Every structure is written in structure tokens, then in C-alpha cells.
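Given next are the chains, with one letter for each unit.
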Amino acid sequence: MADSPAAERTLAEDEVRELVRTVSPRLASLPLSRVAEGWDNVTWRLGTDLAVRVPRRELAATLIRHEHRALPQLAMRLAAAGVRAPLPVVAGAPTSTFPWSWSIVPWLPGEHVLGLPRHRNTVWAGQLATVLSVLHQPAPDDAPHNPVRGVPLRSRDDSIRSRLAELPPRVATPLAALWEAGLDAAPAAESVWIHGDLHPGNILADGDRLVALVDFGDVTAGDPAYDLAAGWLVFDAEGRHVFRRATADRYDEATWLRARAWAAAVSAILCHASDDRDDLRAVGFDTAAELISAAGSPAP
């Protein structure tokens, strides 16, 4: 299994508090507690309404800057569709003691759907489709660039095939067939804003409502099919049906074929998650099962 990248920089509580103090002594006096650590960032809850996102490696600082660039444009658009995004309250700049960009963002309510039964997500599948239709609008020429998200599938062929080769044949063979079907589909005819990392860990729900999309570090301009892979990453068969029907013909058949191929690719990647991310690895194998069971039809 692939190991998560080692932290290049680790801040203790007093160091994070000092970072906050550089922008607001008042905020620095609020309660502070470490709540999560991912591959890219460490998240600290600040008071009851805020969070501090601090990169743990230099590459992640670039992703933070991408959020600083894109979210002022996208958060209001998503809010109009009824979903919140972590629009930075403070777009933190490097300091004399911390060399990278960082953020103070709202603490968004809701429950991560990672680990929830897929059937519970069907109730807001149509809402996610609407939100993505709102998000998937033409991006400006200076939109953040991500070299691996939303790009032509052919450019990722060698990497994805190497991942598939390390999986058991009962999984690798059908996923490879779905990937190849995506390669054969017509290429994207548009380049739009995409979230770029739309898996269950980055979606928040509250009962029967989708309430937030988080972690926009991979936001970029590209093929909307990359985000539509959520149809297999998040939903069961009924949810996928609702999800696609709610797009009201926004996306053509070739886009859905590429979306299914991206789902196969992301599934293969998540199947290689390190042992300290059993939750993401479970999403990988569960998504593979969804893809294989639905392989008789290209539609979600």
C-alpha cells in the first residue's frame, strides 16, 4: 500500500495560535484544538465557528493558494444553489516563522458522508447534480492549474494502468475495461470549473440535505466528467439514477463514459490508500464493486 506523504512541517498548538495572532489577536484568544490531519493539511478548530487549515508539506501550500484564488468566485455561486464552501475568512500569507500560505475558514455544519451507507445519499443526489451544473461553468484563463485532475484521460493512461496492475485480477480486469471505454469516448468539448476531489470525505450532509462541499485544493479548469465520477464514488444504483436524471441532459453520453472511467481510476488509486486511511481504501474497493455490478450499462 502507498504510504501517506510525511509531514515536512509540524506545528504545535502554541505555534498555530501564534500564526493566527499575526492576523488577529482576538481570534488568537479563542479555544484551539487539532481535529484532523490529511495528506495535505492539518485542521484545527478555532472557537466554535472557525477552522485553521495549515499545510503539512510544501506542495499543499500551492493547493491552499488555489483555494484563495478560486473560492471567492465559486462560494457565492454555490451558496445560490444552497450549498456552502469554505470561503477563507483569512487568506493567510507566509510569516517570518511559517513559510507557506494557510487559511482561516468557516467551520461548516454537517456530517461527512464518508463511511455512511450509500443508500442514505440518494435523497440529496439530485441536489448534488444541480450544484455541479452550477459549478461547471467556463473558467477563466488564469484559473488554478492541476496537472492530473480533469485532464484528458489519455495523459493519465500509464499511471492508471500501473495502479490497476497491482490490484487483484477480479478487480483490475473489469476496471481496466471501463477505463478503456473512457479512453475510446469522445474527448471533452469544454473546460469548466471543477472541484477536482469530489469523494465522500469532501461532502457534508445534514439529514436529507447536502449542505457543503469542502477541500477545494484541487480546484481547476477541466473536464466536468472528473466531478461526475462522484456518481459511483458516492451513490448506489438508485442514487446514480437520480443523480444523472437531475442533470437534465447537461452532459452528453461521452461525458458520462469518461466519468465512469475516472471513477474506475479513482477507485484504483483509493484501493492503494495507506493503512492509516482504511476509510478511503474502503471507498476504493466499494466503488470498484459498484462499477463492476453496473458494468452492463454506461449510464449511472
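Read on for an overview of the structure. Everything numeric in this text was worked out from a predicted model, so none of it was measured.

Now for the overall build of the chain. Each helix and strand counted, the chain has eleven helices and ten strands in total. Its C-alpha atoms give the chain a radius of gyration of 19 Å, near enough to 19 Å, the size a compact globule of 300 residues would have. In terms of principal-axis extent, the alpha carbons of the chain reach across some 60 × 40 × 40 Å. When each of the 300 residues of the chain is scored for burial, the buried share is 55%. In the chain, the proportion of contacts linking residues at least 24 apart, taken out of those at least 6 apart, comes to 71%. Of the accessible surface of the chain, which amounts to about 13,000 Å², a share of 53% is contributed by carbon and sulfur atoms. Once the 30 positive and 38 negative side-chain charges of the chain are each reduced to a mean point, those two points are 2 Å apart.

Under the 1.5 Å per step criterion, the end-to-end length of helix α3 (residues 58-80) is 33 Å for 23 residues, consistent within 8% with the ideal 33 Å. In α3, a bend of some 55 degrees at Leu71 exceeds every other bend along the element, and Pro72, a proline, comes one to four places later. On the buried face of α3, the contacting elements are β2 (41-46), β3 (50-55), β4 (90-92), β5 (102-106), α4 (125-135) and β7 (192-194). At the exit of α3 stands Gly82, carrying a positive phi of roughly 90 degrees.

Another aspect to go through is the nonpolar core. Within the largest apolar cluster, 68 residues are counted, with the highest numbers of intra-cluster contacts made by Trp124, Leu128, Leu175, Leu213, Phe243 and Trp262. Ranked by residues supplied to this core, first place goes to helix α10 (residues 253-271) with eleven residues. For Trp262, the residues in contact, after removing those within four places along its chain, are Val148, Val151, Leu153, Arg156, Trp179, Asp223, Ala225, Tyr226 and Ala229. Core analysis: the second largest hydrophobic core is formed by 19 residues, Leu11, Val20, Ala61 and Ile104 among them.

This part is about helix α1 (residues 13-21). Taken together, the buried positions of α1 are occupied by Val16, Arg17, Leu19 and Val20. Relative to the axis of α1, the buried residues are bounded by an arc of 155 degrees and lie together on one face.

A few words on the side chain of Asp236. By the secondary structure assignment, Asp236 is in the loop between α8 (230-234) and α9 (237-245). For the buried Asp236, no salt bridge exists, and the shortest N-O distance to an oppositely charged side chain is 6.2 Å, to Arg240. Leaving out residues up to four positions away in the same chain, Asp236 has contacts with Arg118, His119, Thr122 and Glu290.

Bringing the packing of aromatic side chains into the picture now. Here the structure, examined in full by the defined rule, presents seven aromatic pairs. Seen in terms of ring centroids, Phe98 and Trp100 are 5.6 Å apart; in terms of plane orientation they differ by 75 degrees. Their pairing is edge-to-face. Of the two residues, Phe98 and Trp100, both sit in the buried class. Aromatic side chains Phe235 and Phe243 sit 5.4 Å apart centroid to centroid with 40 degrees between the ring planes, which places their arrangement in the tilted category. On the basis of relative accessible area, Phe235 is assigned to the buried category, the value being 0%. Among the residues examined, Phe243 registers a relative accessible area of 0% and is labelled buried. Put simply, the rings of Trp124, Phe235, Phe243, Tyr251 and Trp256 pair up and form one aromatic cluster.

This paragraph deals with the pairing of strand β8 (residues 203-206). The pairing of strand β6 (residues 111-112) with β8 spans two bridges and is classified as antiparallel. Across the sheet, Glu111 pairs through a bridge with Ala205, a residue of β8. Inspection of the sheet shows β8 paired to strand β9 (residues 209-213) by four bridges, in the antiparallel sense. Each bridged residue has a counterpart across the sheet, and for Asp206 the counterpart in β9 is Arg209. Once β8 ends, the chain turns through two residues before running back antiparallel as β9, passing Gly207 with a positive phi of about 65 degrees.

Take the pattern of salt bridges next. Going through the model one piece at a time under the given rule, you end up with 21 salt bridges. When the shortest N-O distance is used, the salt bridge between Arg149 and Asp197 registers 3.4 Å. Of this pair, Arg149 sits in the loop between α4 and α5 (157-165) while Asp197 sits in the loop between β7 and β8, and the two are 48 residues apart along the sequence. The exposure class assigned to Arg149 is buried, which follows from its relative accessible area of 18%. By relative accessible area, which is 16% here, Asp197 ends up buried. For the salt bridge of Arg161 with Asp157, the shortest nitrogen-to-oxygen distance reads 2.8 Å. Here the residue Arg161 and the residue Asp157 both occupy positions in helix α5, the gap between them amounting to four residues, near one helical turn. Under the relative-accessibility criterion, Asp157 is labelled buried at 11%.

Here is what the cut-offs are and how they apply
- Residues numbered from 1 in each chain as written.
- Predicted model: local features only at pLDDT ≥ 70, side-chain atom pairs only at ≥ 80, totals over all residues.
- Heavy atoms only, no water.
- Helix = DSSP H or I, 4+ residues; strand = E, 2+ residues; numbered from the N terminus.
- Rg over C-alpha atoms; globule rule 2.2 N^0.38 Å.
- Buried < 20%, exposed > 50% of the residue type's maximum accessible area, 1.4 Å probe, protein only.
- Contact = heavy atoms within 4.5 Å.
- Areas by Shrake-Rupley, 256 points an atom, 1.4 Å probe, with all protein chains shown as cover.
- Lys, Arg positive; Asp, Glu negative; His and termini not counted.
- Charge placed at Lys NZ, Arg CZ, Asp CG, Glu CD.
- Expected span 1.5 Å × (residues − 1).
- Bend = angle between axes of the 7 residues up to and from the residue.
- Core = buried A, V, L, I, M, F, W, Y, C linked by side-chain atoms within 4.5 Å.
- Arc of directions from axis to C-beta.
- Salt bridge = Lys/Arg side-chain N within 4 Å of Asp/Glu carboxyl O.
- Phe/Tyr/Trp six-rings, centres within 6.5 Å; stacked < 30°, edge-to-face > 60°.
- Pairing = 2+ DSSP bridges.

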